[in-house]
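# Geometric and topological summary
One letter stands for each residue in the lines below.
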Amino acid sequence: MTCTEFGPYTEDVMHTTENRHEPASAPGEASVAREQPLAEVAQRPLVVIPTYNERENLESIVQAIREHLPQASLLIIDDASPDGTGEIADRLAKKLGQITVLHRPGKLGLGTAYIAGFRYALQSDATCVFEMDADFSHDPRYLPELLVAAESHDMVIGSRYVPGGKTPDWKLIRKIISGGGNIFARTVLALPVKDCTAGYKCYRRSVLAALDLDRINLQGYAFQIETVYQAHKAGFSIGEVPITFPDRRLGRSKMSKNIVVEAFSYVIKRRLESLKR
């Protein structure tokens, strides 16, 4: 395994809204596409976005994704947001096309949302899958860079901790928690990446197919570390692209003390499991 630094639906899904209208092409665009075909991994990207109370951000993030990665389909997974995010997602799906919405019956957590998204992706014809937040802490302008890196790596991480990566809005305590947690996780689990808790990733389809999704019952940081751990142990190549990670533009952060505690306890448990083998 190498790491390089660069510059079936689950039962909790209630129903889906899906529209797959082809996006309008600018004059001459089709001929350009024929002359410069996309690499195979880039042909049918799927962007997975879990949401809970993101009505202030959702339409803007969808528009930004379309701007920076127009060939991508979107999967929005909404956990019955009381602020009406799910209804906005349905409206966008009908209006824009290439958007599927999975509605879940309640707040079931980030990890289970991504698992549902990965299972959906494996049932679709997606060639690669992005995971990202809806609050603009994961800037869509990096999507093309991650996709280019996925041409030579199986998993690509939008990284805060490689040269060029930044967290400009963070207070000192958050930098200590995140930076220290990363050092702890990658040291204890021998992970050859700088940012193993990152939630901005691009997976080749082959990586998702190899992940043991049934054993992942984690949220937040722990979920992100586990996907890196499994990919590394399976021998997949992992690359990192530097990103600037700002605080969310609108709404409230969903980070909690429980997420941090879960991550530290998970790392220790995972290490003990590996020693028993």
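Let us look at the structure shown here. For clarity, every value in this text was computed on a predicted model and none was experimentally measured.

Turning our attention to the pattern of salt bridges. Close approach of charged atoms lets side chains of opposite charge pair. Taken as a whole and assessed by the stated rule, the structure comprises eleven salt bridges. Note that Arg44 is salt-bridged to Asp125, the shortest N-O span being 3.5 Å. Residue Arg44 is located in the loop between helix H1 (29–35) and strand S3 (45–51), and its partner Asp125 is located in the loop between helix H4 (110–123) and strand S6 (128–131); the two are separated by 81 residues in the primary sequence. A residue is classified by how much of its surface remains accessible, and Arg44, at 36% relative accessible area, is partly exposed.

Moving on: the packing of helix H2 (residues 58–68) against helix H3 (residues 85–96). Two numbers describe how H2 lies on H3: the axes approach to 10 Å, and their chain directions differ by 35°. In this structure, H2 meets H3 at a crossing whose hand is right-handed. When H2 is examined against H3, the residues Leu58, Glu59, Val62 and Arg66 are found in contact with a partner set consisting of Thr85, Ile88, Ala89, Arg91, Leu92, Lys95 and Leu96. Along the lines of polarity and charge, the residues of the contact of H2 with H3 split into six nonpolar, one polar and four charged.

So, about the packing of helix H8 (residues 220–233) against helix H9 (residues 257–276). The geometry of H8 relative to H9 is characterised by a closest axis approach of 7 Å and an angle of 30° between their N-to-C directions. The angle between the axes of H8 and H9 places the two elements in the roughly parallel class. Where H8 approaches H9, its residues Gly220, Tyr221, Ala222, Ile225, Glu226, Tyr229 and Gln230 are matched on the opposing element by Ile259, Val260, Glu262, Ala263, Tyr266, Val267, Arg270 and Ser274. Split by residue class, the contact of H8 with H9 holds nine nonpolar, three polar and three charged.

All right, on to the nonpolar core then. Most often, soluble globular proteins keep nonpolar side chains buried together rather than apart. Core analysis: the largest hydrophobic core is formed by 42 residues, its most contacted members being Leu46, Phe118, Val129, Met155, Leu191 and Tyr266. Sequence-distant contacts of Met155, defined by excluding residues within four places in its chain, comprise Lys201, Cys202, Tyr203, Val207, Thr227, Val228, Ala231, Ser237, Ile238 and Gly239. In terms of nonpolar packing, the next biggest core, distinct from the first, is built from 37 residues, Ala42, Val62, Ala134 and Val241 among them.

Each pocket or cavity is described by its volume, and for the largest cavity that value is around 110 Å³. Of all the secondary-structure elements, those providing two or more residues to the lining of the largest cavity are helix H6 (172–188), H8 and H9. For the lining of the largest cavity, the element with the most residues is H6, which contributes six residues. Residue composition of the lining of the largest cavity, by class: nine nonpolar, four polar and no charged.

Calculation rules
- Residues numbered from 1 in each chain as written.
- Predicted model: local features only at pLDDT ≥ 70, side-chain atom pairs only at ≥ 80, totals over all residues.
- Heavy atoms only, no water.
- Salt bridge = Lys/Arg side-chain N within 4 Å of Asp/Glu carboxyl O.
- Helix = DSSP H or I, 4+ residues; strand = E, 2+ residues; numbered from the N terminus.
- Buried < 20%, exposed > 50% of the residue type's maximum accessible area, 1.4 Å probe, protein only.
- Axes fitted to C-alpha atoms, helices over the stretch in contact; angles between N-to-C directions.
- Left-handed = near helix turned anticlockwise from the far one by under 90°.
- Contact = heavy atoms within 4.5 Å.
- Nonpolar A, V, L, I, M, F, W, Y, C, P; charged D, E, K, R; others polar.
- Parallel < 35°, antiparallel > 145°, perpendicular 65-115°, else oblique.
- Core = buried A, V, L, I, M, F, W, Y, C linked by side-chain atoms within 4.5 Å.
- 1 Å grid on protein atoms, 1.4 Å probe; cavity = no way out; pocket = protein on both sides within 12 Å on 5 of 7 lines; lining within 4 Å.
- Points joined across faces, edges and corners; volume = space filled by probe spheres on them.

Read these as layout, nothing more, since geometry by itself doesn't imply function.
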